[in-house]
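# Examining the three-dimensional arrangement
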Amino acid sequence: MERRGFLKTSSVTASAFVIGFYLPTKSRASDAKPQEKALQPNAFVEINSDNTINFIVGQVEMGQGTYTTLAMCIAEELNVDWEEINIKPAPVAPVYNHVWGPLMITGGSSSIWAKQLEMRKVGAALNSMIKEAASKKWKVRTFNILTKNSKAINKITKEELTFGELVSDLASIKVPTDPKIKDLKDCEVIGKAHSRHPKEAWAKVTGKADFGLDVRVEGMKYAAVLHPTVFGAKIKSFDASKAEKKEGVIKVKQIPSGVAVIADTWFVAKEALKDIKVEWNLGEFAKVSTSDMDKEYSLVLEKDGASMRKDGDSEKSFKEAKNIIELDYEFPFLAHAAMEPLSFVAHHDKNKATVWSTAQSQTLAFGAAMKVLGTKPEDITYHTPFLGGAFGRRGAINLDFVLEGLFVAKDEGYPIMTLWTREDDIKLGNYRPKYKNKVKLALDEHGDITAFDAKVASQSIFKGSPFEGSGYANGVDGAQKEGLVNHPYTIDNHNMQAYITESPIPVLWWRSVGHTQSAQTVECSIDQAAYIVGKDPIEYRKSMLTNKRFIDLLDDVAEKSNWKNRKKEKNVGYGVAIVESFGSICAQVAKVRVTKNDYKVEKVWCSIDCGFAFNPQNVENQMISGINFGLATLLSSEITIKDGATVQSNFYDYTVTKISDVPDIEVSIINSGEKIGGIGEPGTPPILAAIPNAIFDATGKLYTSMPIKMG
């Protein structure tokens, strides 16, 4: 293993052994001497003398199944008793950093592809060391040692030693420099369907698992924050005298984002907000509503924008075209609306701090604690509970809920949970940006697309953020071009432009990021071209594809949905879409039944190629989850603005997918053996196009403004 360092430590009493790998990469170039800095492992295993085995994972678990699948990778090579291991969150340390750069982060459907090899190597190295320790104890060759169910077994005498009984011997064993791992085809744990790890699942169903809202600390108080409703508004003055007299209220303090009430209980804190009188400087945005933004977006699209992609001569293609297709797409702001509301617990006591954070990036939250509290890194203890959903929201670039919790707790001397209401979560921004897109396709006499022009207007997610270097350049936001400029179809001429709009509404990545607008922009436009030239939508796509993975997926989803022999029914339509995102390719066919002013998605067939499915059950779960998550954006979800403030506030007016909306979903997994991709997000983009295409098939009308309003 080139450029790879190792760490092993044993306690003074030899009661535990810890092993892990430190993996310096080019993206961690700031660690000048990585071997010397390797004080903690990236991913490690702790074995105790009582044979308790802990897997420590640097990724957060927010319902996506990362804990289970990464633990499977270690277990595959270590040969432990799967049901008896424990999975614990890692502390904050550089050696747990993502391969992207110097930070711990969970996002971009990256956990498995980024960490699987590392975890497998950890398991293999430790397995080799256990065999060597056992062979020395029994005075036999290592090939006479078998490991199984957290035990070393002497093949000759049938004697057994638990891994825990070998703890004191492991410290003297040299860590292998290049542990051999199994081929994926030979794995017995990896590649097989597994439910969530039984201990994780049992803790959750019995209520013993600690999520952010479950944190309870001795002496803990609660805080609620009064926020401005108009984006960009600032406090001119406030009167909290009535709130301060309320029984149970401990303190009222102004923080950068509003006015916080600290109380003995959260209900008292929340109710006390009603007794605070605030004079706001609302600012110019108080005059802005969604209709104003619509006009602004339309006006900017009339101008020349920043170039996203320009090749060939699209102007000439349009002059020579037999048919020209022009389409306008509109996508609203979207909230993430994770089931667990946002919260943050912090205890700042003089020069020390302890935090309980549900942020997707431990490093960014940890850094914020250092800055806000003025605390040294060695004096901060960081805990990561389970996250009750995120979809990108807990990875907020502006760290809004993290900073609030820190400013509230600063200098108070006791632990405080700052908890947002559902209304706070829905109304305070960090939305998927609002997009307005224009598409123009040129078709020749053969029905082939000769030119693909596009314009995209939106706010930038990445501009001005710590991720600007990788996500924004030359007037183009990464989420504007994602999935659009790199569409898979063979088309010779392009002119694609981007337009950045500005507003005080904070925007953020949302499950599948830019693909939430580009999937529909590309796939619905391609479908319209197929219709105009009278060709089958799947065969038309295949005629423009050169990547065999795409073609195989379309063939697979066509077979599974019986596409060629699909039954023709009145008011029933079938739509197809295929999208590559986060390293995986996903094709879907949707069956839709249309009534007078509504529609029902009856079935979805989904074919996914993520290279290799480490846990097929979790892949299926994530496809189903992604489809149902995306369905909400077509049915009803939207954020609208009136007089500078968000109109929606809770699930009664920001509606998400209901059980009655959920279609029958059939998932097919193709293990192509290609580069491993993600699974948390790729199920969402195709459904955003497959359903509008199905509605068009049923009605002859393409809906391009989301959510779809048929009445």
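We now turn to the structure provided with this report. Just so it is clear, the structure is predicted and the values come from calculations on it, not from any experiment.

Across its full length, the protein holds 19 helices and 30 strands. Scaling as 2.2 N^0.38, a compact globule of 711 residues should have a C-alpha radius of gyration of about 27 Å, and the protein matches this with 27 Å. C-alpha extents for the protein along the principal axes are approximately 80 × 70 × 50 Å. Scored against the burial criterion, the 711 residues of the protein give a buried share of 60%.

Let's shift gears to the nonpolar core. Core analysis: the largest hydrophobic core is formed by 112 residues, its most contacted members being Ile 449, Phe 452, Ile 461, Tyr 599 and Ile 691. Ranked by residues supplied to this core, first place goes to helix α19 (residues 684-699) with nine residues. Ignoring anything within four residues of it in the chain, the contact list for Ile 691 reads Ala 590, Val 592, Tyr 599, Val 601, Leu 631 and Leu 634. Counting 44 residues, the second largest nonpolar core, distinct from the first, contains Val 57, Met 129, Leu 170 and Ile 676.

Turning our eyes to something else, we now look at the sheet that holds strand β9 (residues 221-226). Sheet strands pair via backbone hydrogen bonds, and the direction of the pair is either parallel or antiparallel. Taken together, seven strands build an open sheet; the order of strands is β11-β12-β9-β19-β16-β17-β18 and the sheet is mixed. Edge positions in the sheet fall to β11 (249-255) and β18 (380-383), since each of these pairs with one other strand and no more. Here the average twist between neighbouring strands, direction ignored, is 20 degrees. Each of β16 (343-349), β17 (352-357) and β18 touches helix α10 (residues 362-373); the most contacted strand, β18, lies at about 145 degrees to it.

To continue, consider the pairing of strand β26 (residues 584-594). With respect to burial, β26 is a largely interior element, 10 of its 11 residues being buried. For strand β25 (residues 572-581) and β26, the ladder comprises 10 bridges, and the chain directions are antiparallel. Along β26, the bridge assignment pairs Val 576 with Val 589. With antiparallel pairing between neighbouring strands as the criterion, β25 and β26 make up a hairpin whose turn holds two residues, including Phe 582 at a positive phi of roughly 55 degrees. Taken together, the 10 bridges between β26 and strand β27 (residues 599-609) define a ladder with antiparallel strand orientation.

Looking now at the state of the cysteines. Under the definition given, this model contains zero disulfides. With no disulfide of its own, Cys 524 lies 15 Å from the sulfur of Cys 586, the closest cysteine sulfur. Left without a disulfide partner, Cys 586 is nearest to the cysteine sulfur of Cys 606, which lies 3.5 Å away. Its relative accessible area of 0% is what places Cys 586 among the buried residues.

Those residues of helix α8 (residues 290-300) that sit buried are Thr 290, Met 293, Tyr 297 and Val 300. One side of α8 holds all its buried residues, which, seen down the axis, span an arc of 85 degrees. Across α8 from its buried face, at more than 90 degrees, point the exposed residues Lys 295 and Leu 299. At its buried positions, α8 is contacted by β20 (435-443), β21 (449-458), β24 (493-500) and β28 (641-642).

Relative to the elements of secondary structure, Lys 568 occurs in the loop between α17 (548-560) and β25. Taking the C-alpha atoms as reference, Lys 568 lies 9.5 Å from Ala 698; in sequence the two are 130 residues apart.

The next point concerns the pattern of salt bridges. Scanning the entire structure with this criterion turns up 45 salt bridges. A salt bridge links Asp 527 to Arg 541; its shortest N-O distance comes to 2.8 Å. Placement of the pair is Asp 527 in helix α15 (residues 515-532) and Arg 541 in helix α16 (residues 537-543), with a sequence separation of 14 residues. Arg 541 matches Asp 527 in its accessibility class, with the two residues each being buried. Across the pair Arg 549 and Asp 609 runs a salt bridge whose closest N-O atoms are separated by 2.7 Å. With Arg 549 in helix α17 and Asp 609 in strand β27, this residue pair connects regions lying 60 residues apart in the sequence. Like Arg 549, the residue Asp 609 is buried in the burial classification. Ionic contacts of the salt-bridge type, sharing partners, join the residues Glu 61, Arg 196, Glu 200 and Lys 204 into one network.

Cut-offs applied
One numbering rule holds for all chains: residues counted from 1, following each sequence as written. Given that this is a predicted model, residues contribute local features only at a pLDDT of at least 70 and side-chain atom pairs are listed and counted only at 80 or more, while totals for whole chains, interfaces and linings are drawn from all residues. As a rule here, side-chain values cover all heavy atoms of the structure and leave hydrogens and water aside. What counts as a helix is a DSSP run of H or I of at least four residues, what counts as a strand is a run of E of at least two, and both are numbered from the N terminus. Here the radius of gyration uses the C-alpha set of atoms, whereas the globule reference equals 2.2 Å times the residue count to the power 0.38. We call a residue buried when its accessible area falls under 20% of the maximum for its residue type, exposed when it is over 50%, and partly exposed in between, using a 1.4 Å probe and counting protein chains only. To define a nonpolar core, start from buried Ala, Val, Leu, Ile, Met, Phe, Trp, Tyr and Cys residues and group those joined through side-chain atoms within 4.5 Å. Contact between two residues is taken to exist if any of their heavy atoms lie within 4.5 Å; hydrogens are not considered. By the convention used here, strands pair only if DSSP detects at least 2 bridges between them. The convention used is that axes are lines fitted to C-alpha atoms, helices contributing only their stretch in contact, and that angles between N-to-C directions extend from 0 to 180 degrees. By convention in this document, the label disulfide applies to cysteine sulfur atom pairs within 2.5 Å. Think of the arc as the fan of directions from the helix axis to the C-beta atoms. Counted as salt bridges are all cases of a side-chain nitrogen of Lys or Arg within 4 Å of a carboxyl oxygen of Asp or Glu.

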